[in-house]
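So the chains spell out like this:
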Amino acid sequence: PFDVLVIGGGPAGAAAAIYAARKGIRTGVAAERFGGQVLDTMAIENFISVKETEGPKLATALEQHVREYEVDIMNLQRGTALTPAGDDGLVGITLENGAVLKSRTVILSTGARWRQMNVPGEDQYRNKGVAYCPHCDGPLFKGKRVAVVGGGNSGVEAAIDLAGLVSHVTLLEFDDKLRADEVLQKKLRSLGNVTIITSALTQEVLGDGQKVTGLVYKDRIGGDAHRIELEGIFVQIGLLPNTEWLKGAVALSPRGEIVIDDRGQTSVPGVFAAGDCTTVPYKQIIIAMGAGSTAALSAFDHLIRTSVP
Ligand code: FAD
């Protein structure tokens, strides 16, 4: 069995594996796709001390760093169930292929995925004007026109944030009213360079083959289609944690995030979690790495306090 078994190979999982392996304990990582969301990212400019890098480059660096240590990397392996420790003191992780991995501690770092609009042009222009993370990509649109799709808290927060950087923000909401907290809506409405459109169904992302040039939405009341000329579209219709397989096994928040305390401990003894799949307030690479390190140190702490049965 492992001492520490990490499930997920993104920034959180890589950091957890390195911190665990550096304690000289048996460490494994099982990941569906080593690298995680970073593989889908182009420019990264907020990974502190690295002025600029690209996602695939950072993903390779993550894997190379983990491989410097004695870590058993099981790539292309998906966890499908977690069994709490019984009398043997070992937590079980069932993989899609039927195998069961056993470990004295487990660190869950399965990340999250942005909900997509699923309209023509969205995939084609992803990273070419279609963006999901205002903290990451906002500055790329300085002085340009953007839309934010989604009028919940994250959409309205994104619109307020972007309004300070870009020339104009159009906020599109499907419902006939915004769903964000009143205080955020009030702030949004006070801004001079923001237009709010409700009852808007996004239909298509327009582009010139290279980058985004506009967006088409349908007015759900009048029924007619409208076209907005712009350079960027921020999709803010939900971040879905990859935790469906943990339902019933580990305590999840109403949004499906793994509930952790400030040491990364979950509701199950010996099971820790880190990164975008958890209740951690902000979802960023540097934050996920810090959380992965915290979880590994907590797992080590748990190990030295628990005797092997
Ligand atoms: P992830 O990176 O999501 O990794 C999750 C890992 O778990 C993957 O290896 C995945 O395959 C695996 N996994 C999932 N389910 C299972 C399962 N059941 N069994 C086994 N393995 C599983 N952040 C920044 O700081 N700066 C940026 O510029 C930036 N740009 C971004 C651009 C885009 C397009 C996107 C999508 C995100 C961006 N982010 C950026 C956010 C950043 O990528 C995430 O915050 C970060 O990757 C989270 O790390 P993580 O390790 O928690 O999860």
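Structure's up top.
Fair warning: this is a prediction, and the values are worked out from it, not measured in the lab. (Residues numbered from 1 in each chain as written. Predicted model: local features only at pLDDT ≥ 70, side-chain atom pairs only at ≥ 80, totals over all residues. Heavy atoms only, no water.)

Caption draft 1: View of the sheet that holds strand 10 (residues 130–131). In space, the 5 strands of this open sheet follow the order 10-17-11-12-13, with parallel pairing throughout. In the strand order of this sheet, the two ends are held by strand 10 and strand 13 (194–197), each with one partner. Summarising the sheet, strand 10 and strand 17 (residues 232–235) pair through 2 bridges and their orientation is parallel. The partner of Val130 across the bridge, within strand 17, is Ile233. (Pairing = 2+ DSSP bridges. Helix = DSSP H or I, 4+ residues; strand = E, 2+ residues; numbered from the N terminus.)

Caption draft 2: Summary view of the packing of aromatic side chains. Counted under the stated rule, the structure contains 2 aromatic pairs. Ring geometry for Phe141 and Phe234: centres 5.4 Å apart, planes at 75 degrees, overall edge-to-face. Placement of the pair is Phe141 in the loop between helix 3 (134–137) and strand 11 (145–149) and Phe234 in strand 17, with a sequence separation of 93 residues. Taking the ring centre of Phe174 as reference, the NZ or CZ of Arg220 above it sits at 3.8 Å. (Phe/Tyr/Trp six-rings, centres within 6.5 Å; stacked < 30°, edge-to-face > 60°. Lys NZ or Arg CZ within 6 Å of the ring centre and 35° of its normal.)

Caption draft 3: Quick peek at the site of the ligand. Taken together, 34 residues lie around the ligand, and Arg33, Gln37, Asn46, Gly79 and Ile285 are the ones closest in. At 3.2 Å from an oxygen atom of the ligand is found a main-chain nitrogen or oxygen belonging to Pro11. A distance of 2.8 Å separates a nitrogen atom of the ligand from a polar side-chain atom of Asn46. With the chains in place, 96% of the 1,000 Å² that the ligand exposes on its own is no longer accessible. Mapped by element, the contributors of at least two residues to the shell around the ligand are helix 1 (11–21), strand 3 (43–44), strand 9 (112–114) and helix 6 (285–305). Taken together, the residues of the shell around the ligand sort by class into 13 nonpolar, 15 polar and 6 charged. (Near = heavy atom within 4 Å. Polar contact = N/O pair within 3.5 Å; in protein donor to acceptor, adjacent residues only side chain to side chain. Areas by Shrake-Rupley, 256 points an atom, 1.4 Å probe, with all protein chains shown as cover. Nonpolar A, V, L, I, M, F, W, Y, C, P; charged D, E, K, R; others polar.)

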